[in-house]
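Here are the chains, one letter per residue:
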Amino acid sequence: MAFQIVLNLIIAFVWMFLNNSWNGIGFLIGYMLGLLLIGGMRRFFPQRFYIVRVWAIFKLIILLFKELVRASIGVIREIIKPRLDIRPGIFTYRTQLSSDWEVTLLCLLISLTPGSLPLEISGNQRKLFIHALDIEDEEQMRNDIQNTFEKAIMEVTR
């Protein structure tokens, strides 16, 4: 991935040099031309086209903000109710993520959303113990984590 980024920057600077236009528009045109060239020759590179990973990172950030807003609204809704009818609890979540970095990122994303907090990670790093503010359905919470955060992390790292 880093090689493709550096190659794209080199193509952009060569384009600016050949056109003798040292401005942002010249760089942007050269960068887009480099994207097209690298995209057309991506079968010669052993790794994926780097824009795919950049797009996955962008989607992960958007997902984090969306879940952060959704969870914050849920917590605020529970706080302003005259009577608390929450069911806090701890549930286990078995993850498919394998590396330390992936599990750490999953724990950070879970802890950043209000109302949930990873308490412990098992020794083999496959099972997380998560405290949730309101557990209506444990299986639904597991599916939510798997279909949002874990899926997005896998798109970025694999």
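Residues numbered from 1 in each chain as written. Predicted model: local features only at pLDDT ≥ 70, side-chain atom pairs only at ≥ 80, totals over all residues. Heavy atoms only, no water.

**Here we look at the overall build of the protein**
A tally of regular secondary structure across the protein gives five helices and three strands. Beginning at the N terminus, the succession of helices and strands in the protein can be written as α-α-α-β-α-β-β-α. C-alpha atoms of the protein, sized along the principal axes, occupy 70 × 40 × 20 Å. Of the contacts formed within the protein by residues at least 6 apart in sequence, a portion of 64% connects residues at least 24 apart. Split by element, the accessible area of the protein, about 10,300 Å² in all, is 66% carbon and sulfur. Across the protein, 17 positive and 14 negative side-chain charges occur, with their mean positions spaced 9 Å apart. (Helix = DSSP H or I, 4+ residues; strand = E, 2+ residues; numbered from the N terminus. Contact = heavy atoms within 4.5 Å. Areas by Shrake-Rupley, 256 points an atom, 1.4 Å probe, with all protein chains shown as cover. Lys, Arg positive; Asp, Glu negative; His and termini not counted. Charge placed at Lys NZ, Arg CZ, Asp CG, Glu CD.)

**Concerning the pattern of salt bridges**
Scanning the model with the defined rule gives nine salt bridges in all. Across the pair K59 and E155 runs a salt bridge whose closest N-O atoms are separated by 3.3 Å. Remark: E155 occurs in helix 5 (residues 138–157) and K59 occurs in helix 3 (residues 50–80); sequence separation between them is 96 residues. Take K59: its relative accessible area is 37%, and that puts it in the partly exposed class. Classification of E155 by relative accessible area gives partly exposed; the value is 30%. Residues R142 and E138 are paired through a salt bridge, measuring 3.0 Å at the closest nitrogen-oxygen approach. (Salt bridge = Lys/Arg side-chain N within 4 Å of Asp/Glu carboxyl O. Buried < 20%, exposed > 50% of the residue type's maximum accessible area, 1.4 Å probe, protein only.)

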